[in-house]
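# Structural characterization, general
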Amino acid sequence: MPSLAPAGDYRSSYREDMTIFLTRNSRIGLLIGIVLVACAPLALGRYELGLLINIGFLGIAALGLNILVGFTGQISIGHAAFFGFGAFMSAWLHERWHIPVVFCIPLAGIATALIGLVFGAPAARLKGLYLAIATLAAQFILEDFFARAQWFTGGVAGRITEPFELFGWRADREESYLYVVLAAVIVMYAFAANLMRTRDGRALVAVRDHYLSAEVMGVNLAYYRTLSFGIASFYAGVGGALYAHYLLFVSVEAFNILFSIQFLGMVIIGGLGSIMGSLMGAAFMVLLPEVVQVGADALAGGAIDRALKLGSSISFLREMAVGLAIILFLIFEPNGIVHRWQLIKAYWKLYPYSH
Amino acid sequence: MTMRKHMLGWAVVAAMALPMAAGAQPIPLGHLMDLSGGTSDVGTPFAQGVNDTFAWVNKTRNGVAGRSVNVLAHDYGYQAPRAVSQYQAWSRDRVVGIMGWGTADTEALVRFVTRDRIPYVSGSYSAALTDAAGKSGRQGVEATPYNFFYGPSYSDALRAMLQWAADDWKAKGKPGRPKYVHMGANHPYPNSPKAAGEALAQELGFDVLSPVTFALTPGDYTAQCLTLKNQGANYAYLGNTAGSNISVLRACQTAGVDVQFLGNVWGMDENAMKAAGTAADGVVFPVRTAAVWGAQAPGMANVQAISRISDAAGTAYRPVHYVAGICSAMLMVEAMETAAANGGQVTGERIRDGFYARKDWIPKGFEGVCVPSTFTANDHRGQLNVTLYRSRVAGDTSQGSVKDLVAAGTIKLEPVTTVALPRKAEWLGW
């Protein structure tokens, strides 16, 4: 993988070795990016802001899954259920105990982490396909729980919840809620980036790279595998809570297995084992259907539509495009968008002497 | 070359200026459809009816008060969260009204449309949407001042069928108490009339069996049919839509279950009768139009004109839900016209008042097709007269189209009775 660090390793202190940003420009770039998003309400409409918000909370949940799948080498196909648990938990905490939403969101994250630890317990011993099936059980158990636990979720009819509020500032519009999600994204991503620099983070990576070697070196496998599940669920819970207070309605239908697979898709497309890749994958998954929709609308009623007699089936193009994208990514860019992005950056950095 | 460029430029300018010259901005109206989800079997003809009606209104009546109606149709796949996010996307388009669909999403959107004052004509006839002022005092039932629908509520339709069933039991002179069972998915839509139906069944002297669950999607429901058989059910309510009900009917026919099925208003139509074949014979269900396709009625000419919007040849057979879609859309059209009358603004509040402007309201030009509705500020139970039909399938339906089968008399909708329910205060919102 091409690195943006100068050739040779000139780092002369542990401090330099621990840096998050390899170059000054990448730090400035990130700041500019944050400022740009913060200014987005000035330029974008509510719909586009809604997409940004979606990218935000899905990106947080996808990051959780990436810590589990990309950094620890575990697998989970029940991530949407944890996402849903966070959403219901936050709505329930607010409705039942009248806790302000600003506290509900982290509390929902912690509660989801605890649930994640319970369902992650098999992960201490299982891996690969067996673990996948164990997490599949979490998906179905939680989904059924959502549909039946009237007191907690409002049953199949779902639960309506209140918008985010802080000192009388109500974030009930896209323009305002964007800042809530942006703040959450910054906090959660900074936490993850730092986590990977700690002893625990390195232990997770060691477990992924070779669990036997890691164990020989003194890494407690059971502990770190379960911990990874807890962290992943925490992220899913926070993402879900942010979703709940954005949509203001939580319903069991949203958290099906397809959604879990979609999270896996985000992580794979974005880049396994990459912090920023999670956000890029989420952005891709949110924007792709929009782009396809535009294409489908352009196609509707046109010559191709008539020739192939697409008619109402045109709306299925959207679903098919997502599947196609995943396949193409697996074939042409198995390292994800983030890898492609690094290649582009390296190209311009080294231009014109890229070889 | 420059000449051509000029002409092109002028053409663009002219194209942009034309709508402005007409002096009227189109009226944005949301339309949530289920073309791909769990209820798409009946959602598709209903949505087609709604879309065709607005296209017809734009074409032949020059829209509403000279402004064309811009229908923003969206297929939400019967997923309430998708409907809610689409609703939020529409708020930027400032829709003045919404033609909606399912129970879960309509009930989820109640608070939003009440807050934003957007009249909402749903395909859901859940009784929880009728308590307009929130005066019923029922737990969990909110005020729904902006929710309307064309037809009797699910609960009222079931009440009517239960009354018919009680009479039917007596008429047949069978001994003992009849047994009633509610069947449907664990979903807000089939659940909606469950409590109301079971309560009335108890009152009418039925033994109420514990409900039987089957999913909204087609599948193998032999187990459910054997439950019916073992428990000796006499009357079974099918709470789902046609697609999954067909599976139950066929499985029960195979299992040799002798039950009188009572269908939900969305539970049966001509397409389902063709698909289910003789298994669908005898199902009693409510029809909320005074005439079905092919019948003679003064309003039928307009219905056929609307049908030709999407079927220029005029040969398609339209099931009951298509015609119901027309009547639902026409309520919205006339309420908008009332709002626009005397130079008024077409706003949500004025449209809502438009729904209250008439008594025994039949959209003009649809006499004999649409059934009269009456809405008041406290009570959105538009219809309390429930017309029951029985499906008649005389033979093999696997050959030929629905149109041919109806013409040959293989498939027939046979009127049974009309039950007039009292406007009981304690039934409001339930």
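Residues numbered from 1 in each chain as written. Chains lettered and ligands numbered in written order. Predicted model: local features only at pLDDT ≥ 70, side-chain atom pairs only at ≥ 80, totals over all residues. Heavy atoms only, no water.

In terms of helices and strands, chain A carries 16 helices and four strands. For chain A, whose C-alpha radius of gyration is 21 Å, the value lies close to the compact-globule estimate of 20 Å for 355 residues. Dimensions of chain A, computed from C-alpha atoms along their principal axes, come out at roughly 60 × 55 × 45 Å. The contacts in chain A between residues at least 6 apart in sequence include a share of 76% that link residues at least 24 apart. As presented, chain A carries roughly 17,800 Å² of accessible surface, and 68% of it is formed by carbon and sulfur atoms. The positive charge centre, built from 23 side chains, and the negative charge centre, built from 21, are 7 Å apart in chain A. (Helix = DSSP H or I, 4+ residues; strand = E, 2+ residues; numbered from the N terminus. Rg over C-alpha atoms; globule rule 2.2 N^0.38 Å. Contact = heavy atoms within 4.5 Å. Areas by Shrake-Rupley, 256 points an atom, 1.4 Å probe, with all protein chains shown as cover. Lys, Arg positive; Asp, Glu negative; His and termini not counted. Charge placed at Lys NZ, Arg CZ, Asp CG, Glu CD.)

Let us look at the pairing of strand 12 (residues 385-393) of chain B. All names here are of chain B. Pairing analysis gives three bridges linking strand 11 (residues 284-286) to strand 12, with the strands arranged antiparallel. Each residue of the ladder has a partner; that of P286, found in strand 12, is L388. As paired elements, strand 12 and strand 13 (residues 411-420) share nine bridges and run antiparallel to each other. Considered in strand 13, the bridge of V386 is made with V419. (Pairing = 2+ DSSP bridges.)

Below, the discussion takes up the interface of chain B and chain A. With 21 residues of chain B in contact, the opposing surface of chain A contributes 19 residues. Each partner contributes to the roughly 1,700 Å² buried at the junction of chain B and chain A, and carbon and sulfur atoms together form 59% of this total. Applying the counting criterion to the chain B and chain A interface returns one salt bridge. Notably, a salt bridge pairs A:E162 with B:R111, separated by 3.7 Å at the nearest N-O pair. Counting across the interface, chain B meets chain A through one residue pair in polar contact (both at pLDDT 80 or more). Listing elements by their share of the side of chain B that touches chain A, those giving two or more residues are helix 3 (80-90), helix 4 (103-116) and helix 6 (188-191) of chain B. The greatest single-element share of the side of chain B that touches chain A, amounting to six residues, is contributed by helix 3 of chain B. (Buried area = accessible area lost by both parts, 1.4 Å probe. Salt bridge = Lys/Arg side-chain N within 4 Å of Asp/Glu carboxyl O. Polar contact = N/O pair within 3.5 Å; in protein donor to acceptor, adjacent residues only side chain to side chain.)

Attention now moves to the pairing of strand 9 (residues 235-238) of chain B. Residue and element names in this part refer to chain B. Neither face of strand 9 is left uncovered, since the one carrying Y235 and Y237 and the one carrying A236 and L238 both have all their residues buried. Bridging between strand 9 and strand 10 (residues 260-263) involves four bridges; their strand directions are parallel. Bridging from a neighbouring strand, Y237 pairs with L262 of strand 10. With helix 9 (residues 242-255) bridging strand 9 and its parallel neighbour strand 10, the resulting β-α-β unit is right-handed. (Buried < 20%, exposed > 50% of the residue type's maximum accessible area, 1.4 Å probe, protein only. Right-handed = clockwise from strand over helix to strand, strands pointing away.)

Residues and elements named next belong to chain A. Although it is not a glycine, F167 sits at a positive phi angle of roughly 50°. The topology assignment puts F167 in the loop between strand 2 (164-166) and strand 3 (169-171). On the basis of relative accessibility, which here comes to 83%, the residue F167 falls in the exposed class.

Time to look at the sheet that holds strand 1 (residues 27-33) of chain B. Strand pairing in a sheet relies on backbone hydrogen bonds, with the paired strands running either antiparallel or parallel. All names here are of chain B. With parallel pairing, five strands are arranged side by side in an open sheet as 2-1-3-4-5. Each edge of the open sheet carries a strand with a single partner, namely strand 2 (69-75) and strand 5 (147-148). Sitting on the sheet, helix 3 is in contact with strand 1, strand 2 and strand 3 (97-99), with an inclination near 170° to strand 1. (Axes fitted to C-alpha atoms, helices over the stretch in contact; angles between N-to-C directions.)

Before going further, it helps to examine helix 16 (residues 337-350) of chain A. Residue and element names in this part refer to chain A. Helix length check: helix 16 (14 residues) gives 20 Å between terminal C-alpha atoms against 20 Å at 1.5 Å per residue, within 8%. Residues I337, V338, H339 and A346 constitute the buried set of helix 16. Where the residues of helix 16 are buried, they touch helix 12 (257-270), helix 13 (275-299) and helix 15 (317-332). (Expected span 1.5 Å × (residues − 1).)

Further remarks concern the nonpolar core. For soluble globular proteins, the rule of thumb is that nonpolar side chains tend to be buried together. In this structure, A:F255, A:F263, B:M183, B:L228, B:F261, B:M336 and B:F355 are the most contacted members of the largest nonpolar core, which totals 211 residues. A per-element tally of this core places helix 3 (residues 46-71) of chain A first, with 15 residues. Every residue in contact with B:M183, bar those within four places of it in the chain, is listed here: B:V212, B:F214, B:Q224, B:L228, B:A236, B:Y237, B:L238, B:G239, B:V248 and B:F261. Membership of the second largest hydrophobic core comes to 23 residues, among which are B:V284, B:L388, B:V419 and B:W427. (Core = buried A, V, L, I, M, F, W, Y, C linked by side-chain atoms within 4.5 Å.)

Residue and element names in this part refer to chain B. On inspection of all chains with the given rule, the structure shows 23 salt bridges over all chains. The partner of D116 in a salt bridge is R115, and the shortest N-O contact between them spans 2.9 Å. The partner of R358 in a salt bridge is E334, with the nearest N and O atoms 3.8 Å apart. Of this pair, R358 sits in the loop between helix 13 (348-356) and strand 12 while E334 is found in helix 12 (residues 320-340), placing the two residues 24 residues apart along the sequence. Accessibility expressed as a relative area gives 24% for R358, which makes it partly exposed. Using a relative accessible area of 4% as the deciding quantity, one classes E334 as buried. Connected via shared salt-bridge partners are D281, R390, R392 and E414.

Attention shifts here to the packing of helix 3 of chain A against helix 9 (residues 199-209) of chain A. All names here are of chain A. In the contact formed by helix 3 and helix 9, the axes pass within 8 Å of each other and the chain directions differ by 45°. Classified by the angle between their axes, helix 3 and helix 9 sit oblique to one another. Across the interface between the two elements, I67, G70 and F71 from helix 3 touch L204, V205 and R208 from helix 9. Of the residues belonging to the contact of helix 3 with helix 9, the class tally is four nonpolar, one polar and one charged. (Parallel < 35°, antiparallel > 145°, perpendicular 65-115°, else oblique. Nonpolar A, V, L, I, M, F, W, Y, C, P; charged D, E, K, R; others polar.)

Okay, helix 13 of chain B next. Residue and element names in this part refer to chain B. All of the buried residues in helix 13 are G348, I351, R352, G354 and F355. All buried residues of helix 13 project into a common sector of 150° when viewed along the axis, lining one side. Close packing links the buried residues of helix 13 with strand 4 (120-121), strand 5 and helix 12. (Arc of directions from axis to C-beta.)

Together, A:L324, A:I327, A:L328, A:L330, A:I331 and A:F332 make up an exposed nonpolar region whose accessible area comes to about 620 Å². Tracing the chain through its elements places A:I331 in helix 15. (Patch = residues over 30% accessible without salt bridge, like charges linked within 9 Å, V, L, I, M, F, W, Y side chains within 5 Å.)

Our next topic: the side chain of B:T144. Residues and elements named next belong to chain B. Turning to its location among the elements, T144 is positioned in the loop between strand 4 and strand 5. By relative accessible area, which is 2% here, T144 ends up buried. Setting aside anything within four residues of it in sequence, one finds T144 in contact with V110, A128, L129, T130, D131, A132 and H380.

Glancing now at the UniProt feature "transmembrane region" (unreviewed entry) in chain A. Mapped onto this numbering, the UniProt entry gives "transmembrane region" (unreviewed entry) at residues 28-45, 51-69, 76-93, 99-121, 176-196, 227-248 and 254-275 of chain A. Regarding residues 99-121 of chain A, the helix share stands at 87% and the strand share at 0%, and the terminal C-alpha atoms are separated by 30 Å. (UniProt positions renumbered as here; feature names shortened; annotations may be inferred.)

Further remarks concern the state of the cysteines. All names here are of chain B. Taken as a whole and judged by the stated rule, the model has two disulfides over all chains. Note that C225 is cross-linked by a disulfide to C252, the S-S spacing being 2.0 Å. With the S-S bond torsion at -90°, the cross-link from C225 to C252 turns out left-handed. Here C225, found in helix 8 (residues 222-231), pairs with C252, found in helix 9; they are 27 residues apart in sequence, far enough to count as distant. For the pair C225 and C252, one class covers both residues: buried. (Disulfide = S-S within 2.5 Å.)

All names here are of chain B. Relative to the helices and strands, S126 resides in the loop between strand 4 and strand 5. Of note is the side chain of S126, whose polar atom sits 2.7 Å from the side chain of E107. In contact with S126, not counting residues within four places along its chain, are T103, E107, F149, Y154 and S192.

Next up on the list: the environment of A:I337. Residues and elements named next belong to chain A. Structurally, the position occupied by I337 is in helix 16. When the C-alpha atoms of I337 and F284 are compared, they prove to be 8.9 Å apart, with 53 residues separating the residues in sequence. Excluding its chain neighbours within four sequence positions, the residues that come into contact with I337 are I269, G270, M280, F284 and F329.

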